Amino acid sequence: MVSSVTEGVKVSVKTEYQSDYSSPLQAHYVFTYRITIENASDYTIQLLRRHWTIFDSNGTVREVEGEGVVGLQPVLEPGEVHQYVSGCNLRSSMGKMAGTYLVERIIDGKQVRVAIPEFTMIVPYKLN
């Protein structure tokens, strides 16, 4: 698991290879990632947008941007945690992702880009 903190908002990521949904012979590798967002700041925040950069070890780079996460724009009070699971498919057995969330403080509308730490997606047999 990797984590980072930006202005009191902690983002942690844990990945898992999904062998049942992958097809290495067709260069199709599926990974899921569990994101935990912890609001350790003194302010209520709302997650408005996400921006991802996805790097495949075959040299492909993709960017994904949109509103919220998995259809939600969660509001987190100080001390609250939001978790979700999403996925990514790669054309190779290794890759990495990183990005940002745009969050807004409810009290004054200040917007902050919260770092999503870079994390790797590696098929387990590659680690042997």
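Note that this is a predicted model, so its numbers are computed, not measured.

A. Inspection of the overall build of the chain at higher detail. Assigned secondary structure in the chain consists of zero helices and nine strands. The N-to-C order of helical and strand elements in the chain reads β-β-β-β-β-β-β-β-β. The burial tally for the chain puts 41% of its 128 residues in the buried class. Considering only intrachain contacts with a sequence separation of at least 6, the fraction spanning at least 24 residues in the chain is 64%.

B. Looking closely at the sheet that holds strand β2 (residues 9-17). Taking strand neighbours across the sheet as the criterion, the four strands line up as β1-β2-β3-β7 in an open arrangement whose pairing is antiparallel. Looking at strand neighbours, the two that pair on one side only are β1 (2-6) and β7 (81-90), the edges of this open sheet. Direction aside, the axes of adjacent strands within the sheet are offset by 20 degrees on average.

C. Geometry of the pattern of salt bridges. Inspection of every chain in the model, using the stated rule, returns four salt bridges. The closest approach of N and O atoms between Glu65 and Arg49, which form a salt bridge, is 3.9 Å. Of the two residues, Glu65 is situated in strand β5 (residues 61-67) and Arg49 in strand β4 (residues 45-56); the sequence distance between them amounts to 16 residues. When its relative accessible area of 52% is taken as the criterion, Glu65 is described as exposed. Among the salt bridges present, the one from Lys96 reaches Glu118, with a minimum N-O distance of 3.8 Å. Note that Lys96 is positioned in strand β8 (residues 94-105) and Glu118 in strand β9 (residues 111-122), a separation of 22 residues in sequence. In this structure Glu118 comes out as partly exposed when scored by relative accessible area, which is 45%.

D. Spatial organisation of the environment of Thr32. Relative to the helices and strands, Thr32 is located in strand β3 (residues 29-39). By relative accessible area, Thr32 is classed as partly exposed at 22%. The spacing of Thr32 and Tyr17 is 15 residues in sequence and 6.5 Å in space, taken between C-alpha atoms. Among all residues touching Thr32, those that are not within four sequence positions of it are Lys14, Thr15, Glu16, Gln18, Val85, Ser86 and Gly87.

What counts as what
Here the residue numbers are simple positions, counted from 1 along each chain's written sequence. In keeping with the predicted nature of the model, local features appear solely for residues at pLDDT of at least 70, side-chain atom pairs appear and are counted solely at 80 or more, and the whole-chain, interface and lining totals rest on all residues. Note that water and hydrogens are dropped before the side-chain values are worked out from all heavy atoms of the structure. Helix and strand labels come from DSSP, where a helix needs a run of H or I of at least four residues and a strand needs a run of E of at least two; each type is numbered from the N terminus. Under the scheme applied here, a residue whose accessible area is under 20% of the maximum for its type counts as buried, over 50% as exposed, and between as partly exposed, the area being computed with a 1.4 Å probe on protein chains only. We call two residues in contact when some of their heavy atoms are within 4.5 Å. Two strands qualify as a pair provided DSSP detects at least 2 bridges between them. Note on geometry: axes are lines fitted to C-alpha atoms, helical ones only across the stretch in contact, with angles between N-to-C directions running from 0 to 180 degrees. Salt bridge, as used here: a side-chain nitrogen of Lys or Arg that lies within 4 Å of a carboxyl oxygen of Asp or Glu.

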